[in-house]
Amino acid sequence: MTVKSKKVKVGRTDILTAEPTGLVLNKQELSSIKDIAYTYPDEEFMYLRENEFDTFDPYNKLDNLKVLDLSLNSIQSCDFLWGGPLSKESLREAQLPRLRHLYLTGNCIDSLEGFTQLDKLETLALSSNSIQSFEGLGDLPNLRVLSLNFNDITNFKHFPFLPSLHALNLIGNPIANGDSAEGHAHFRRMAIALSGEQLCKIDGVPITAEEVDAAQAYKGKIVFCMMEGFVPPMGVDDATVEDEAEAFLLKVQQKATEDMPLRLQSIHLEPGRRKPCPEGSGKSGYPGPYPPTEGKPITLNVCLQDTRPVSKRKTEIFHSQWIFPVTFKAAGDASEVFVVGSMNQWQGEIALERVEQEGKDGTPNVSFQTNLYLCPGEYEYRYIVDGVEKISEERRRTSKYGKGTCNYCPVLSSSFPDAEEEDRDTILYIRWLRSNSTNGWSLIHDENGLTYTPTSADVGLCLRAEVLSYLDGQFTSIMFDITCPIEPAAPECTSIKIEGENEEGRTLFCSADYMGGNEGDSVLTWVRVLPNGSEEELTCNNWQYQCTNEDVGCRIKAIYVPVRDDGTEGEPKSCESNVVTAARPTIDSPQFVGELRGGNEIAIEYEFIGGQEGASRYQWFRHDIEGDTFIPIKGETSHSYFTTDEDVGHMLMVEVTPINTAGVEGATEELVTEEIQA
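Visitor: So what's going on with the sheet that holds strand β37 (residues 629–632)? Which residues, and what values?
Guide: Pairing is antiparallel across the open sheet formed by four strands, whose spatial order is β37-β36-β39-β40. The sheet is open, and its two edges are formed by β37 and β40 (669–675), each paired on a single side. The mean angle between the axes of side-by-side strands here comes to 30°, regardless of whether they run parallel or antiparallel. Where strand β36 (residues 617–624) meets strand β39 (residues 651–657), six bridges bridge the pair, whose relative direction is antiparallel. Its bridge partner being in β39, arginine 622 is matched across the sheet by leucine 652.

The following block contains the structure:
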């Protein structure tokens, strides 16, 4: 076979930078690259379209290769990227460590396994293959373009976190719903909700601001469920989609725990949804408020069924400070007995186990019973015995959830005094997490109870509450629920105070605590409150204010208007200082006014502190050069002085004794001039 190979150079040549080089070997009927790669190990690009490759087999690392085009071949996997199958058990080194652009359109690839840990990869083109799932794709921090057109992908299960993804192409997949405009718009909404804000185009069409806004309704539990295989239904309102996602997530977790010591029956956060359950839903009567909001507590409720034998359920309980075992028991024989109630939001029947025990008289006593682990609260329930509802007369009432007549069971934490987790091996442990920028979860430290109050750090993020079970010290299962993104509270000042000394010349400091999302340009105003109650706004707009003599006898008020970064204003809140008192008389910023020459008038000017100035005293002095002392000038006791020829060549000094109108004297201050000129 004759190979018409061609080595080409592209780019611009200059003295300092070598040109990128590579091979263009399209349509050459090649089935192996081994010899060519050995001959040209340092190439930066290889175009190998429309050949006969079923694998890429250089058998040596191509350290410089940046662009590889293997489109329209018969490649079956990406094992060539690693020199063999990539798995957790067999750690391999990347064979193309600098690869940036990989084109594999029109091959025979049926899995994305191995397309991971390629730190430099920016473009991945895998259109027209046989790929059915996103599973295996991930850890591609610089991937900007992902093309998977015309494959067999039906949902977003295992869709990875791709922080740099700019363009996503999925035309021709079942997931893209290309048969109708409504279906394709629905697909775009899902894709936008799953991806980060950096995604700009889907199937070559730019994403609009309206699409981004619409996708926000899927953030949180719906997105999480989508990555588990959930496909939101079309043609229904968002509350129904939330309802379906909740049911999907519960079903997934129930299946995961069906053979565990504790089987999940129900877990939910209140509030956790954007809107109440839709009318007609089995959970439509459950309380809000909705949605979960900064500053408003969120409570975890859970119902776990103990599936172990009766003997172990009674003697080896799961210890917890917050979740307690409650026995539901119906006496008498029957074919089957179930309990239904608010412990699982009236969603489905919980089967009771038939237990036969020998009575005191030797005859068998038959009952049906189960242990449910519940949080403190009051639970409605009734039994279904062989298809017939049974309600006892004890603790009987009408359901507050509109479920008819039922019994109720109070669960009190005080009924379980020995419920500490510490030093126990069989426990239930609660923890709270918040979503992070990598589509993962970050632990919220020291939050291990049933209730958590979102803070400003949680706004825009989702919360996740988990219950972890440990049996004899070994982890057995994890159950969880997820909220939608936390809404900011209305802008609010939760507290405001003024600190500092309320004395003339002293500085007052204001501090205010803000709540309500990200703070914008909140406004602080200082006001003087006169003795008659009238107010005067002060020309100060920062967080500290220095009291003046005009403030003596008045109060100082700080008024804070909280403003969110979107411009929304909250209600103003204010606080006042005590009455500002006069300081001990003193002078501030003293200076001489007038020309320092013989025959001129000079005066001492200053700011008086200590109330209203009264009859302050003055004395002028002339400097005696020979004795190096200041001699009083007889009769010069005013705040100003007319210089004479006798003062020329001498310095002058003035003593000021500040006195307020109450007759209180301050310390005498001295101020010296330069030499008086002729």
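Visitor: Residues and numbers for the packing of aromatic side chains, please.
Guide: Within this structure, the stated rule accounts for 17 aromatic pairs. Both rings, one in phenylalanine 134 and one in phenylalanine 159, keep their centres 5.0 Å apart while their planes meet at 85°; by these two values the pair is edge-to-face. One end of the pair, phenylalanine 134, is in the loop between β6 (123–125) and β7 (145–147); the other, phenylalanine 159, is in the loop between β7 and β8 (167–169), and 25 residues separate them in sequence. Each of the two residues, phenylalanine 134 as well as phenylalanine 159, counts as buried. Measuring from centroid to centroid gives 5.3 Å for phenylalanine 328 and tyrosine 381, while their planes differ by 85°, and the two rings are edge-to-face. Taken together, the residues phenylalanine 328 in strand β13 (residues 324–331) and tyrosine 381 in strand β18 (residues 377–385) connect sequence positions 53 residues apart.

Visitor: So, the nonpolar core: which residues are in play, and what are the values?
Guide: Within the largest apolar cluster, 71 residues are counted, with the highest numbers of intra-cluster contacts made by Leu48, Phe56, Leu68, Phe80, Leu81, Phe115 and Phe156. Residue contacts for leucine 81: discarding those within four places in its chain leaves Glu93, Ala94, Gln95, Leu96, Leu99, Leu102, Gly114, Phe115 and Leu118. Counting 44 residues, the second-largest nonpolar core is a separate cluster that includes Trp432, Leu450, Tyr452 and Val467.

Visitor: Give a detailed account of the pairing of strand β27 (residues 492–500), specifying residues and quantitative values.
Guide: By the bridge criterion, eight bridges tie β27 to strand β28 (residues 507–515) in an arrangement that is antiparallel. Each residue of the ladder has a partner; that of isoleucine 498, found in β28, is cysteine 510. Here β27 hands over to β28 after six residues, with glycine 505 in that stretch at a positive phi of 85°.

Visitor: Lay out empty space enclosed by the protein in plain terms, naming residues and giving numbers.
Guide: Across all of its chains, the model carries two cavities of 30 Å³ or more by this definition. Broken down by secondary-structure element, the contributors of at least two residues to the lining of the second largest cavity are α4 (221–226) and α5 (238–257). Of the residues belonging to the lining of the second largest cavity, the class tally is three nonpolar, three polar and six charged.

Visitor: Account for helix α2 (residues 181–194), naming residues and giving values.
Guide: Taking 1.5 Å as the rise per residue, α2 with 14 residues should run 20 Å; its terminal C-alpha atoms sit 20 Å apart, in good agreement. Most of α2 sits inside the fold, with 10 of its 14 residues counted as buried. All of the buried residues in α2 are Gly183, His186, Phe187, Arg188, Arg189, Met190, Ala191, Ile192, Ala193 and Leu194. The inward-facing, buried residues of α2 contact β8, β9 (201–202), β10 (205–206), α3 (209–215), α4 and α5.

Visitor: Account for the layout of surface pockets, with residues named and values stated.
Guide: Reported here for the largest pocket is a volume of approximately 910 Å³. In terms of lining residues, the largest pocket is bounded by 38 residues, among which Ala193, Gln216, Lys219, Asn439 and Gly460 are the most central. Of all the elements in the fold, those that place two or more residues in the lining of the largest pocket are α2 and α4. Counting residues per element, the lining of the largest pocket draws most heavily on α2, at three residues. Here the lining of the largest pocket is built from residues that sort into 23 nonpolar, 11 polar and four charged.

Visitor: Quick rundown of the side chain of asparagine 129? Include the residues and the values.
Guide: Inspection of the secondary structure assignment puts asparagine 129 in the loop between β6 and β7. Judged by its relative accessible area of 8%, asparagine 129 falls in the buried class. In terms of polar contacts, asparagine 129 uses its side chain to reach the backbone carbonyl oxygen of leucine 126, at 3.0 Å. Apart from the residues lying within four places of it in its own chain, the contact partners of asparagine 129 are Leu104, Thr105, Gly106, Asn107, Cys108, Ile109, Phe150 and Asn151.

Conventions adopted
- Residues numbered from 1 in each chain as written.
- Predicted model: local features only at pLDDT ≥ 70, side-chain atom pairs only at ≥ 80, totals over all residues.
- Heavy atoms only, no water.
- Pairing = 2+ DSSP bridges.
- Helix = DSSP H or I, 4+ residues; strand = E, 2+ residues; numbered from the N terminus.
- Axes fitted to C-alpha atoms, helices over the stretch in contact; angles between N-to-C directions.
- Phe/Tyr/Trp six-rings, centres within 6.5 Å; stacked < 30°, edge-to-face > 60°.
- Buried < 20%, exposed > 50% of the residue type's maximum accessible area, 1.4 Å probe, protein only.
- Core = buried A, V, L, I, M, F, W, Y, C linked by side-chain atoms within 4.5 Å.
- Contact = heavy atoms within 4.5 Å.
- 1 Å grid on protein atoms, 1.4 Å probe; cavity = no way out; pocket = protein on both sides within 12 Å on 5 of 7 lines; lining within 4 Å.
- Points joined across faces, edges and corners; volume = space filled by probe spheres on them.
- Nonpolar A, V, L, I, M, F, W, Y, C, P; charged D, E, K, R; others polar.
- Expected span 1.5 Å × (residues − 1).
- Polar contact = N/O pair within 3.5 Å; in protein donor to acceptor, adjacent residues only side chain to side chain.

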